[in-house]
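# Residue-level structure breakdown
Listed here are the chains, written in short residue letters.
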Amino acid sequence: MKILVNEEVHDVGVRTLDALLHELGYGDACVATAVDGDFVAVARRGAHALHEGCRVEILAPMQGG
């Protein structure tokens with residue numbers, strides 16, 4: 001299935017957001033996620049189904065001041 005992750009096309013074989021994060025190498029990293037513009041909490045990632053053409057955003061926290 002082709003999806004857009006951070007504005008890049010990926011062809012993935014997974015069906016949930018949690019599985020996608022692991023497939024892309026994020027594992028248990030502390031990141032924020034959104035699918036089709038809607039925030040997805042950590043607790044909901046395992047149940048959040050992905051679909052063909054969906055837009056996924058993965059954001060890592062930044063430090064600075």
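All of these numbers come straight from a predicted model, not from anything done at the bench. (Residues numbered from 1 in each chain as written. Predicted model: local features only at pLDDT ≥ 70, side-chain atom pairs only at ≥ 80, totals over all residues. Heavy atoms only, no water.)

### Side note on the overall build of the chain
Within the chain one finds one helix and five strands. Taking the principal axes of its C-alpha atoms as reference, the chain extends roughly 40 × 25 × 20 Å. Looking at the chain as a whole, 29% of its 65 residues qualify as buried. A fraction of 49% describes how many contacts in the chain between residues 6 or more apart in sequence connect residues 24 or more apart. Put simply, the chain shows about 4200 Å² of open surface, and 54% of that area lies on carbon and sulfur atoms. Of note, the chain has its 5 positive side-chain charges centred 4 Å away from the centre of its 10 negative side-chain charges. (Helix = DSSP H or I, 4+ residues; strand = E, 2+ residues; numbered from the N terminus. Buried < 20%, exposed > 50% of the residue type's maximum accessible area, 1.4 Å probe, protein only. Contact = heavy atoms within 4.5 Å. Areas by Shrake-Rupley, 256 points an atom, 1.4 Å probe, with all protein chains shown as cover. Lys, Arg positive; Asp, Glu negative; His and termini not counted. Charge placed at Lys NZ, Arg CZ, Asp CG, Glu CD.)

### A closer look at the sheet that holds strand β3 (residues 32-35)
Across the sheet, five strands lie side by side as β2-β1-β5-β3-β4; this open sheet has mixed pairing. The open sheet terminates on both sides in strands that have one partner only, identified here as β2 (8-11) and β4 (38-40). For this sheet the average axis-to-axis angle between neighbouring strands, irrespective of direction, equals 35°. The sheet contact formed by β3 and strand β5 (residues 55-59) spans four bridges and is antiparallel. Across the sheet, the residue bridging to A32 is L59, located in β5. (Pairing = 2+ DSSP bridges. Axes fitted to C-alpha atoms, helices over the stretch in contact; angles between N-to-C directions.)

### Here's the deal with the nonpolar core
In this structure, I3, L17, L20, V35, L50 and V56 are the most contacted members of the largest nonpolar core, which totals 15 residues. Contributions of two or more residues to this core are made by β1 (2-5), α1 (17-23) and β5. Non-local contacts of V56, meaning those with residues more than four positions away in its chain, are made with I3, L4, V5, N6, L17, L20, A34, V35 and L50. (Core = buried A, V, L, I, M, F, W, Y, C linked by side-chain atoms within 4.5 Å.)

### A look at the environment of L21
Its location among the elements puts L21 in helix α1. On the accessibility criterion, L21 (2% relative accessible area) is buried. Along the backbone, L21 and V31 are 10 residues apart, and their C-alpha atoms lie at a distance of 9.5 Å. L21 has contacts with Y26, G27, V31, T33, R45 and I58, leaving out every residue within four places of it along the chain.

### Looking at the side chain of T33
Looking at where T33 falls in the secondary structure, it is placed in strand β3. At 2.9 Å, the side chain of T33 and the backbone oxygen of V40 are in polar contact. One polar contact links T33 to R45, side chain to side chain, over a distance of 3.1 Å. Beyond its immediate stretch of four places on either side in the chain, T33 contacts L17, L21, D38, F39, V40, R45 and E57. (Polar contact = N/O pair within 3.5 Å; in protein donor to acceptor, adjacent residues only side chain to side chain.)

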